[in-house]
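Spelled out from the first residue to the last, the chains are:
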Amino acid sequence: MEQNRAAHAFATLGHPGRLAVFRLLMRFAPQGVRPTEIAEALGLKQNTLSHHLADLTASGLVTVTRRGRSLFYSVDIDATEGLIGYLALDVGRARPDLLATLLSPQKDTAPMTAPHRDTDFDVLFICSGNSARSVFAEALLRDLGKDKFQAFSAGTRPNTQLNPFALEILERNGHDTSGLRSKHISEFQQPGSIVMDFVFTVCDTAAAEECPPWPGQPITGHWGLPDPVKATGTDAEKALVFAQTYAALRRRITAFVALPFEGLSRMSLQSSVDAIGTDAQAKA
C-alpha cells in the first residue's frame, strides 16, 4: 500500500467511533450491514454514523452497495489486507520477533487436522441468550457431525434459560435434549478452557458487538439469524418461527460438515465458512 493512502487509512481508524464501526464490520466480513443495524449495535446517532461511514468509505477501507432500497456497508478485504501488510512488512520491516506467530505456514496453508484428540474439531456457537439459535446449532452439529466435531454453545447475556419452543423443535426432530443447558460465554473463557477451532456467531447484528474476539485464532464465521424468541402471535405462529430458524441452521451446518477439511488450508476453510454465511444471507 502506498504511504499516503496508508496514512489516510490509519488517520481514519484513529477515531474511536470510526474504529468501532470498522471492528463491527469486520465481525460480519465479507457480508454487509445496514446503517440502522450498525447504529443499534453501537448506540450511535444516525448523523454521527453517517459521518463515520463516509470517512471510512473515503479511506477505501469500506465499500457500500445498494440492494433494493437498502444500503449495505462492508469491509474491503483487499484494502484491509494491504493496510495490515504495510504495517507489518514496511513499517515493521517483517521482524521475526513481531511476525513469527502471524506468518506461521501452519496457520495459513496447512490442512486443518487435529491428531491425538477425541474429535477432530472443537466448535463454539455464540448468540445473545443461548436459549434457541446457538442451542439449535450445538445439537445439530453434535448429531450431524458424525463424531468429527465437539459442539458447544454459549450466550453473552447472563441468567438465560432454554426456550420451551426450541426444546420442542429439537425433540420433534429426534435430538436428545437431556444434556442441553443454557451457558454464559464466561464458561469458555477460563484458564485451561478448550481451545476452539471454530467460533460462530448466530446472533443478529444488534447483539454482535457483545461477542468478543476469541483467543487461539480460531476460524470464525457470522451466521446471524433473527432471534425467534422475539416472535409474536399465537403459539402456533411462534412455533413456526422457531422451526424456520432450526431449518436455516440445519442447512448451514449440513454444508459445513460436508466440507473436505483434510484437503483445505485455514485460508480456504475461512473462505468456505464465509461462503456458507453469504449464501444463506442471499437466500433469506
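Further up the page is the structure itself.
So, here's what we can say about the structure. Everything quoted here is computed from the prediction, not taken from an experiment. (Residues numbered from 1 in each chain as written. Predicted model: local features only at pLDDT ≥ 70, side-chain atom pairs only at ≥ 80, totals over all residues. Heavy atoms only, no water.)

### Points about the packing of helix H3 (residues 35–42) against helix H4 (residues 46–58)
In a pair of packed helices, the angle between the axes and the distance between the axes together describe the arrangement. Running from amino to carboxyl end, H3 crosses H4 at an angle of 110°, the nearest separation of the two axes being 10 Å. Comparing their axes, H4 and H3 come out roughly perpendicular. The two elements H3 and H4 meet at a crossing, and its hand is right-handed. On the side of H3, the interface is formed by Pro35, Thr36, Ile38 and Ala39, while H4 contributes Gln46, Leu49 and Leu53. (Axes fitted to C-alpha atoms, helices over the stretch in contact; angles between N-to-C directions. Helix = DSSP H or I, 4+ residues; strand = E, 2+ residues; numbered from the N terminus. Parallel < 35°, antiparallel > 145°, perpendicular 65-115°, else oblique. Left-handed = near helix turned anticlockwise from the far one by under 90°. Contact = heavy atoms within 4.5 Å.)

### Thoughts on the sheet that holds strand E5 (residues 198–201)
Strand order in the open sheet formed by four strands is E4-E3-E5-E6, and the pairing between neighbours is parallel. Each edge of the sheet is formed by a strand with only one pairing partner; in this case those strands are strand E4 (149–155) and strand E6 (219–222). Neighbour-to-neighbour, the strand axes of this sheet turn through a mean angle of 20°, independent of strand direction. Alignment of strand E3 (residues 121–127) against E5, held across four bridges, turns out to be parallel. For Val123, the partnering residue across the bridge sits in E5 and is Phe198. (Pairing = 2+ DSSP bridges.)

### Some remarks on the nonpolar core
Ranked by size, the top nonpolar core spans 37 residues in total, and within it Phe125, Phe198, Trp223 and Phe256 carry the most contacts. Counting residues per element, the ones that place at least two in this core are E3, helix H8 (133–144), E4, helix H9 (164–172), E5, helix H11 (235–257) and helix H12 (266–283). Counting 22 residues, the second largest nonpolar core, distinct from the first, contains Leu24, Leu25, Val62 and Leu83. (Core = buried A, V, L, I, M, F, W, Y, C linked by side-chain atoms within 4.5 Å. Buried < 20%, exposed > 50% of the residue type's maximum accessible area, 1.4 Å probe, protein only.)

### Structural notes on the side chain of Gln31
Within the element layout of this structure, Gln31 appears in the loop between helix H2 (16–28) and H3. Note on Gln31: relative accessible area 10%, which makes it buried. Reaching out from Gln31, the side chain makes a polar contact with the backbone oxygen of His222 at a distance of 3.1 Å. (Polar contact = N/O pair within 3.5 Å; in protein donor to acceptor, adjacent residues only side chain to side chain.)

### Remarks on unusual backbone geometry
One can expect most non-glycine residues to show negative phi and most peptide bonds to be in trans. Here the residue pair Ala29 and Pro30 is connected by a cis peptide bond, since its omega of 5° sits within 30 degrees of zero. Positionally, Pro30 belongs in the loop between H2 and H3. Unlike most non-glycine residues, Lys146 shows phi in positive territory, near 55°. One can find Lys146 in the loop between H8 and E4. The phi dihedral of Asp147 falls on the positive side, at around 65°, and the residue is not glycine. Of note, Asp147 is situated in the loop between H8 and E4.

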